[in-house]
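Architecture and fold: a report
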Amino acid sequence: MKRYFRNPTSVLIWMKGRVGRIILVFSLSVSTAIACGWSLWTDDSVRFNTMRTGRGFYRLPPLPIQYDPLTGKELTASEVENYYDPSEDPDNAKANFDEEPNAVWDQARSSMESGELSDLRNLLSKYLDLTEHGNSLEDGEWQERRNSAFDMLDAITALKRGSKPEAVKAYLAARYAFHHDPAEVENHFDLAVSDRNLDDNWAYLRAAKLFHAGAKDDALTAFRAHDLKFPYSEKNEAVLYMIATLIMARGDELAKECEDQNCKIDDWRAALAAFKTLMFKHPKGRYFEDAQGWTAHLYRHEGRLAKSLAEYYRLLGNESRKWRLEAKKSLQMIGHDQDDATLDEVERLIADEPDTALAYSYHRIYNHAADHSYAEFQLWCCYGDDKWTEIRGEKQRVKDEQDKGRHELERIARFATAMVKRYGLSRVSGAFVLRIAQSQIELQNFGNAAELAVKAIKMGVKGELRAQALWIKGSSEHHQKKLKAARATFSQLISEFPNDKLTDGARRLLAMTAEDQGDLEFALEQYLALKYEYDVAYFVDVLMPTDRLANYIASREQSGSYDYLLYALGVRYMRDGRWNEAREAFLRVETKSAMPTWASVNDGMRGRFPKIPEWDVQEPGIKSSWVLRDLKTIDRVVELELTIDAAEGDDLKAEAMYQLASFYYEASALLFYNPAAWAGTRYHLLSDLNVSANLRRDGESQIILDHFQSHDTVARALPIYLKIVDRFPRTRAAKDALYSAAVAHERLSDLNPFWRSTYEQGLFAGTRKVSYADVKRLYPEYQLPRGTYGWEPSTRTVNGGPGWAPPPKPLPKTSRTDRAIKTLAGWLDDYLPTVTGAVSSTASSVSDRLISYFRVHLYLVFAALTGYVLWANRREIYEGPVSKCVKAGYTLAAFLNTNRRD
């Protein structure tokens, strides 16, 4: 029967291809990251953890559903979704992980052809062991080889019953031909050597030939005849299995034609009976678990969910890891949201089976109840006007999930307690006490959980159960702030179980406990052992005080991480302004060079980010180019500081300080960056951490703020600019420094997510916030430069051009004539109104002739005066002082003309 797995649990969820091809969830997560903010967090961390916060770290891992044949690692459902199969990478050394099984199979064929049956038996057994969990062959080919190996081993057992080697070899040749060239099998039947011990094998092979030829009804008849004729054959279990699966397959065909989804198929009932017969006759057989899985499958078809779940939980309690994984897959597909009546029936069915009840309890706690209990309110994106409606609905959903989880945990606690009472102080009771402890810690009853875990240990739980008991005890102690006791418990767990699947989690909890005790050095030691790169980077670059880091490194000269730590110390010294110590640390670092691999990084990018080399920053080791750039930075800053010390007078000293601050302002953002620690993830991780629930120490937000202020060069420039203003307020440098500080604040407020969030909260870098209004208030005569973006303070330019607009051109000097005219115009402005009034009063008493006489002569005078103005003051014909005389004359003439008498 050509199937990858014989068990229905695999048929339910198996997808063509290997685990590495399961990429849908990963694709969706990437899309979410792009739309709603990039996240680099992982479960291999404490602070930068996507899956756990707070008491979530106390959770024992859920049961696995997949087995990695390369590494031996058991994978949970979430791990399978993001699993990368190394066998699919042709450059990976493990890509040829099926090379050994193939070689063994070829050796087995050679032994068969040469007649070395003893070697053949050993090689076939080895092949079955190597391929128990699959390999990279096509699904059908892998299973066919295994089927052939089982059949050949069955035939070889005839030697112990007196069969001749020639008869066995003839059957083996026929079985090998059946696998590789079924058309040739008939010829082998004619060459069969008569042997009563092999009659059942030949009969089975004939029935299998009918099945592979598609004659399923004939095959079913042949297998049934085999069961009647050879009831005690070593092939009987396989015969019963084929009978049951053929009947079930016939029922599946009928079900396709049934319009009613709840229709009852007689063949399914017959198949269920056949599988039960197999399980009864061969309780320790090779197909028992297969039959158990199909039985659960058929119960579900019948609508008897409780019986189906009970069978799957029996399979989950199996000693074999393979079948536990298969059962977990099926339970994953069925889902966990059963009603109380169904679960009550399941508990009744398994109450007399301690191993099954244990598996049921663990599965319901860590694969269902805890998932509900830890439901978190997280909306990555909200769109449109329904945003708040969505949030309210999500909060209600989370509350409902948490209520479900608590109800489920309480159920498990009751069930396990009842089992303990039922079995008293028997061997198994310690395991049930532990299950109660696990449910209690999930219910946040930490005191009860610790007491029950201690009781389970005293009752003698062994192996994995003891490791779990120590885990629960230490976690409860940690939550109760019994840090010394928790540290001892986790250390004991790691010591007793150095290679257990709980070891890494226990070491993580040990690191958290040490950190809560203030022992940052021991915590860092654990993160290094765990290879938690983000936590290590955070400790050495942000959290640990510089001197404590230096003392820690001094005791680790022989460790493999010494150069990494020493380089980190050098960067920290630089940020603290301890230049000599930084230079000394860098000179002790053993660096390495690397061949370029980043051909796509252009010179412009390297100019903006000088610590990004031509090679991949992920390559292990401290690059010599990093150290050389840091040493160059130290030399430049020291030179600028010496200039300040040597400067005399306020103006020179203020200008020297201004140039130092401007060096920081204009420097690369990576001037004080540690590429060995962060590799491009720093501000993403720290920005997210600062607004998350994963901060663990008092004042940690301030520590992160201080780190950004010492790391980001624009922020480093601010206090120096303000110091200039405070010490030398009357200097030119002070005015430009205050303006540069205002620009720095504007730039920082939108520099990256951390600074945006900081300024949005009303916080800021430096001791005080400076705006452009503050600059005008303190220096009202100060002309602001032409632009803020592109302002280059060291040269006082904007985008490489002048920083200020040129001043207006001065007015041209006036001649002596112009000055005389200006004087006359002023005199006329002062006396002409008086003269005009006097003339107006006199004019009314003068005869019309006299007035006409004066009018004619007045026109001539003003005409001559106008000509003179045009000649002497051409540039000021509209605005000059003489023009005022002309206007006054015209006014007088107009007045005389208006008041003339006819």
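Anyway, here's the lowdown on the structure attached to this text.

The rules behind these values
- Residues numbered from 1 in each chain as written.
- Predicted model: local features only at pLDDT ≥ 70, side-chain atom pairs only at ≥ 80, totals over all residues.
- Heavy atoms only, no water.
- Helix = DSSP H or I, 4+ residues; strand = E, 2+ residues; numbered from the N terminus.
- Buried < 20%, exposed > 50% of the residue type's maximum accessible area, 1.4 Å probe, protein only.
- Contact = heavy atoms within 4.5 Å.
- Areas by Shrake-Rupley, 256 points an atom, 1.4 Å probe, with all protein chains shown as cover.
- Pairing = 2+ DSSP bridges.
- Axes fitted to C-alpha atoms, helices over the stretch in contact; angles between N-to-C directions.
- Parallel < 35°, antiparallel > 145°, perpendicular 65-115°, else oblique.
- Left-handed = near helix turned anticlockwise from the far one by under 90°.
- Nonpolar A, V, L, I, M, F, W, Y, C, P; charged D, E, K, R; others polar.
- Core = buried A, V, L, I, M, F, W, Y, C linked by side-chain atoms within 4.5 Å.
- Expected span 1.5 Å × (residues − 1).
- Phe/Tyr/Trp six-rings, centres within 6.5 Å; stacked < 30°, edge-to-face > 60°.
- Lys NZ or Arg CZ within 6 Å of the ring centre and 35° of its normal.

**Looking at the overall build of the protein chain**
Check the secondary structure of the protein chain and you find 41 helices and five strands. Taken across its 902 residues, the protein chain has 49% of its residues classed as buried. Here the contacts in the protein chain between residues at least 6 apart in sequence split such that 65% fall between residues at least 24 apart. About 45,600 Å² of surface is accessible on the protein chain, with carbon and sulfur atoms providing 53% of the total.

**Quick look at the environment of Leu 128**
Note on placement: Leu 128 falls in helix α5 (residues 117–130). For Leu 128 and Arg 145, which are 17 residues apart along the polypeptide, the C-alpha to C-alpha distance reads 9.0 Å.

**Describing the sheet that holds strand β5 (residues 801–802)**
As summarised here, the arrangement of the three strands in space is β3-β4-β5, forming an open sheet in which the pairing is antiparallel. In this open sheet, the two strands that pair with only one neighbour each are β3 (791–792) and β5. Two elements, β3 and strand β4 (residues 797–798), share two bridges in a ladder whose sense is antiparallel. Its bridge partner lying in β4, Glu 792 is registered against Thr 797.

**A short note on the packing of helix α30 (residues 624–646) against helix α31 (residues 650–666)**
Where α30 meets α31, the closest approach of the two axes is 8 Å, and the angle between their N-to-C directions is 165°. In terms of orientation, α30 lies roughly antiparallel with respect to α31. Seen from above, α30 lies across α31 with left-handed handedness. The residues of α31 that touch α30, namely those facing Arg 636, Val 637, Leu 640, Glu 641, Thr 643, Ile 644 and Asp 645, are Lys 653, Ala 656, Met 657, Gln 659, Leu 660, Phe 663 and Tyr 664. For the contact of α30 with α31, the residue count by class is eight nonpolar, two polar and four charged.

**Re the environment of Lys 623**
By the element assignment, Lys 623 lies in the loop between α29 (603–608) and α30. Separated by 52 residues in sequence, Lys 623 and Pro 675 place their C-alpha atoms 9.5 Å apart.

**Focus: the nonpolar core**
Membership of the largest hydrophobic core comes to 161 residues, with the highest contact counts inside it found for Ile 472, Tyr 538 and Tyr 664. At 10 residues, the largest contribution of residues to this core is made by helix α36 (residues 732–748). Beyond its immediate chain neighbours, meaning those up to four positions away, Tyr 664 contacts Trp 579, Val 637, Leu 671, Phe 672, Thr 713, Val 714, Arg 716, Ala 717 and Ile 720. Within the second largest apolar cluster, 31 residues are counted, among which are Met 112, Leu 124, Leu 128 and Ala 158.

**A word on the side chain of Ser 740**
Mapping Ser 740 onto the fold places it in helix α36. Ignoring sequence-local partners within four residues, the contact set of Ser 740 consists of Tyr 658, Tyr 665, Tyr 721, Trp 791 and Pro 793.

**Considering α30**
An α-helical segment advances 3.6 residues per turn. Residues three or four places apart therefore align on the same side. End to end, α30 covers 33 Å across 23 residues, agreeing with the expected 33 Å (1.5 Å per residue, within 8%). Along α30, the residues that are buried comprise Ser 624, Ser 625, Trp 626, Val 627, Asp 630, Leu 631, Thr 633, Ile 634, Val 637, Leu 640 and Ile 644. The secondary structure elements touched by the buried residues of α30 are α27 (562–576), α28 (579–588), α31 and α32 (675–678).

**Remarks on helix α25 (residues 533–543)**
Burial analysis of α25 places 10 of its 11 residues in the buried class, the great majority of the element. Within the span of α25, buried status applies to Tyr 534, Asp 535, Val 536, Ala 537, Tyr 538, Phe 539, Val 540, Asp 541, Val 542 and Leu 543.

**Describing the packing of aromatic side chains**
All chains considered together, the criterion is met by 26 aromatic pairs. Arranged with centres 5.1 Å apart and planes meeting at 85°, the rings of Tyr 313 and Tyr 360 form a pair that is edge-to-face. With a gap of 47 residues between them, Tyr 313 in helix α14 (residues 305–316) and Tyr 360 in helix α17 (residues 354–373) connect regions that are remote in the sequence. Comparing Tyr 313 with Tyr 360 shows no difference in burial state: the two are buried. When the centroid spacing of 5.7 Å and the interplanar angle of 55° are considered together, the rings of Tyr 658 and Tyr 721 count as tilted. Placement of Tyr 658 in helix α31 and of Tyr 721 in helix α35 (residues 713–727) is noted, with a sequence separation of 63 residues between them. Accessibility assignment for this pair places Tyr 658 and Tyr 721 in one class, buried. Ring pairs connect the aromatic residues Tyr 739, Tyr 772, Tyr 782, Trp 791 and Trp 804, which therefore count as one cluster. Against the face of Tyr 204 rests Lys 235, its NZ or CZ located 4.4 Å from the ring centre. Lying across the ring of Tyr 664, Arg 716 places its NZ or CZ 5.0 Å from the centre.

Read these as geometric descriptors, not functional statements.
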